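# Per-entry structural report
Here is how the chains run, residue by residue.
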Amino acid sequence: MEHLIEQFRHKVARTPMHFVRSIHDSIQWNARLIGIRGARGVGKTTLLLQHIKQTFAQDLNKVLYVSLDNLWFSDHSLLELADSFAKKGGTHLFLDEVHRYPGWSQILKNLYDDYPELFITFTGSSLLHLLDAKADLSRRAVVYTMQGLSFREYLALAANMAFPAFSLEKILSEHEAVSAEIVSQFKPFQFFPAYLQTGYYPYFAEEPDTYPLRLEETINMTLELELPLLRRLDIAYVPKLKQLLSIIAESAPFIPNISKLSEKIGLNRQTMLTYLGYLSEAKLIRPLYRDAHGVSTLQKPNKLFLENTNLMYLFRKQSVDIGNARETFLANQLACGHELSFADTGDFIVDGNITIEVGGKNKTRKQIKDIPDSYVAADNIEYGFGRKIPLWLFGFLY
């Protein structure tokens, strides 16, 4: 255990504090059991270490961070660690990569029930299920989902520019004043194209030149490690998932023909829909449905997007369709805290009643003018007017 403590202290000492994700202030850190789910690479580990450094700097003896893929656990158990930690007066245990530990859900349930003095925070894959037959953690854990960087957060990390987040309601109703205040301090289009290409995953700031390689590695680890581990996917089917992802990348966003897609990949319809569900859970694609409520795993999506624009540029290099990139960006930013549905007229229905059409600077409300509560999200404009809102401003939602 001493080795784990030493590793933990080194990690905390090296953790930078100049930029902390906005989700940090949304988490109820005083809860006894906290779960943070998210796609690989979005910054879950850094968030834990920053919280520790910020909160426990004067008393690190009461806190311990460990990653559950550490070799220490090859001949020691998590229960052994927690018991020893609690007996030594430890109060806050941070467990990273919890999905890498066999039987993790049952053990967390037991720790929660048997060690009431322990506060446990754990992170895991976006594929993590908290509800299963053996240990229902959903009644015990407060669970948060972590996305990649918003455009606002990217500006804070890349250019040291601090702006507040704005609610969707404020953006829709007060965008003229909000955008004027922001534009008075910087030019959005100095940074927006770079964000779309390489700004979604926080590791862009470490070694910008290797970002595409890191992103490709992120995708491979998700497909080759997390899906076999958490969805029991036969590793032999991973190439088909990669082929499927590549096909989606070529055309997304598009209205999928499941029969033709199944034939091209060589899978039956049911398996195809299952695989699309896997890619969605893994935060690699974003399916859109006409009715967002009660979506079943075997329901055909009405439209398919890649999860974020960085994935588009990785797969398509310089041949990315700008119209597709605009829609993908808006879907990605709105999906954090809002419910998106497929729109027969317009591009998105948000929270069941707001219609948004996406386009360039010359886009008008002609298509949606008869729809109440409808707006245009227009690219290549700094300021909006009336119900025409700058697309980049939706990057300030979180």
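Our structure is the block above this text.
This text gives an overview of the structure that appears in the document. Remember, it's a predicted structure, so these values are computed and weren't measured experimentally.

## A word on the pattern of salt bridges
Opposite charge on two side chains permits them to pair, given that their charged atoms come into close proximity. Within the structure shown, the criterion is met by 19 salt bridges. Close ionic contact of Arg100 with Asp69 constitutes a salt bridge, the shortest N to O distance being 3.6 Å. Note that Arg100 is positioned in the loop between strand 3 (92–96) and helix 4 (104–114) and Asp69 in the loop between strand 2 (63–67) and helix 3 (78–87), a separation of 31 residues in sequence. Here Arg100 ties to Glu97 by a salt bridge, and the two come within 3.9 Å at their closest N and O atoms. For Arg100, a relative accessible area of 30% puts it in the partly exposed group. Given a relative accessible area of 15%, Glu97 falls into the buried group. Counted as one network, the salt bridges with shared partners bring together Asp69, Glu97 and Arg100.

## A few points about the sheet that holds strand 4 (residues 119–125)
The five strands lie next to each other as 2-3-4-1-5, forming an open sheet whose pairing is parallel. The open sheet terminates on both sides in strands that have one partner only, identified here as strand 2 and strand 5 (142–146). The average angle at which neighbouring strand axes cross in this sheet is 15°, direction not considered. Pairing of strand 1 (residues 33–38) with strand 4, which is carried by six bridges, proceeds in the parallel orientation. From the neighbouring strand, Leu33 faces strand 4, where its bridge partner is Ile120.

## Considerations on the sheet that holds strand 10 (residues 354–359)
Pairing is mixed in the open sheet, where five strands are placed in the order 8-9-10-11-12. The two strands at the open ends of the sheet, each matched to only one other strand, are strand 8 (340–342) and strand 12 (388–390). Taken over all neighbouring pairs, the strand axes of this sheet differ in orientation by 35° on average, direction set aside. Across three bridges, strand 9 (residues 348–350) lies against strand 10 in antiparallel orientation. Note on strand 10: the bridge partner recorded for Ile349 is Thr355. Along the sheet, helix 6 (residues 168–183) contacts strand 9, strand 10, strand 11 (374–378) and strand 12; its crossing angle with strand 12, the most-contacted strand, is approximately 75°. Relative to strand 10, helix 13 (residues 322–334) is tilted by about 145°, and along the sheet it contacts strand 8, strand 9, strand 10 and strand 11.

## Topic: unusual backbone geometry
Although it is not a glycine, Asn160 adopts a positive phi angle of roughly 55°. Judged by its relative accessible area of 69%, Asn160 is exposed. Unlike most non-glycine residues, Asn380 shows phi in positive territory, near 65°. As for its position among the elements, Asn380 is in the loop between strand 11 and strand 12.

## A look at the packing of helix 1 (residues 2–14) against helix 2 (residues 44–55)
Close contact between helix 1 and helix 2 brings their axes to 9 Å; oriented N to C, the two are set at 85°. Classified by the interaxial angle, the pair formed by helix 1 and helix 2 is roughly perpendicular. Contacts between helix 1 and helix 2 involve Phe8, Lys11, Val12 and Ala13 from the first element and Leu49, Ile52 and Lys53 from the second. Residue composition of the contact of helix 1 with helix 2, grouped by class: five nonpolar, no polar and two charged.

## A short note on the side chain of His175
Structurally, His175 can be placed in helix 6. His175 has contacts with Lys170, Gly384, Phe385, Gly386, Lys388, Ile389, Pro390 and Leu393, leaving out every residue within four places of it along the chain.

## As for the pairing of strand 1
Burial analysis of strand 1 places five of its six residues in the buried class, which makes it a mostly covered element. As paired elements, strand 1 and strand 5 share five bridges and run parallel to each other. Note on strand 5: the bridge partner recorded for Arg37 is Thr145.

## Observations regarding the environment of Arg231
Mapped onto the elements, Arg231 comes out in helix 8 (residues 211–231). Between the C-alpha atoms of Arg231 and Asn61, which are 170 residues apart in sequence, the distance is 37 Å. Setting aside chain neighbours within four positions, we find Arg231 in contact with Leu127, His129, Glu226, Tyr278 and Glu281.

## Quick word on helix 3
Burial in helix 3 covers these residues: Leu78, Leu81, Ala82, Phe85 and Ala86. End-on view of helix 3: buried residues confined to an arc of 125°, all on one side of the axis. Looking at the buried positions of helix 3, the neighbouring elements they touch are helix 1, strand 2, strand 3 and helix 4.

Parameters at a glance
- Residues numbered from 1 in each chain as written.
- Predicted model: local features only at pLDDT ≥ 70, side-chain atom pairs only at ≥ 80, totals over all residues.
- Heavy atoms only, no water.
- Salt bridge = Lys/Arg side-chain N within 4 Å of Asp/Glu carboxyl O.
- Helix = DSSP H or I, 4+ residues; strand = E, 2+ residues; numbered from the N terminus.
- Buried < 20%, exposed > 50% of the residue type's maximum accessible area, 1.4 Å probe, protein only.
- Pairing = 2+ DSSP bridges.
- Axes fitted to C-alpha atoms, helices over the stretch in contact; angles between N-to-C directions.
- Contact = heavy atoms within 4.5 Å.
- Parallel < 35°, antiparallel > 145°, perpendicular 65-115°, else oblique.
- Nonpolar A, V, L, I, M, F, W, Y, C, P; charged D, E, K, R; others polar.
- Arc of directions from axis to C-beta.

Nothing here speaks to function; it is all geometry.
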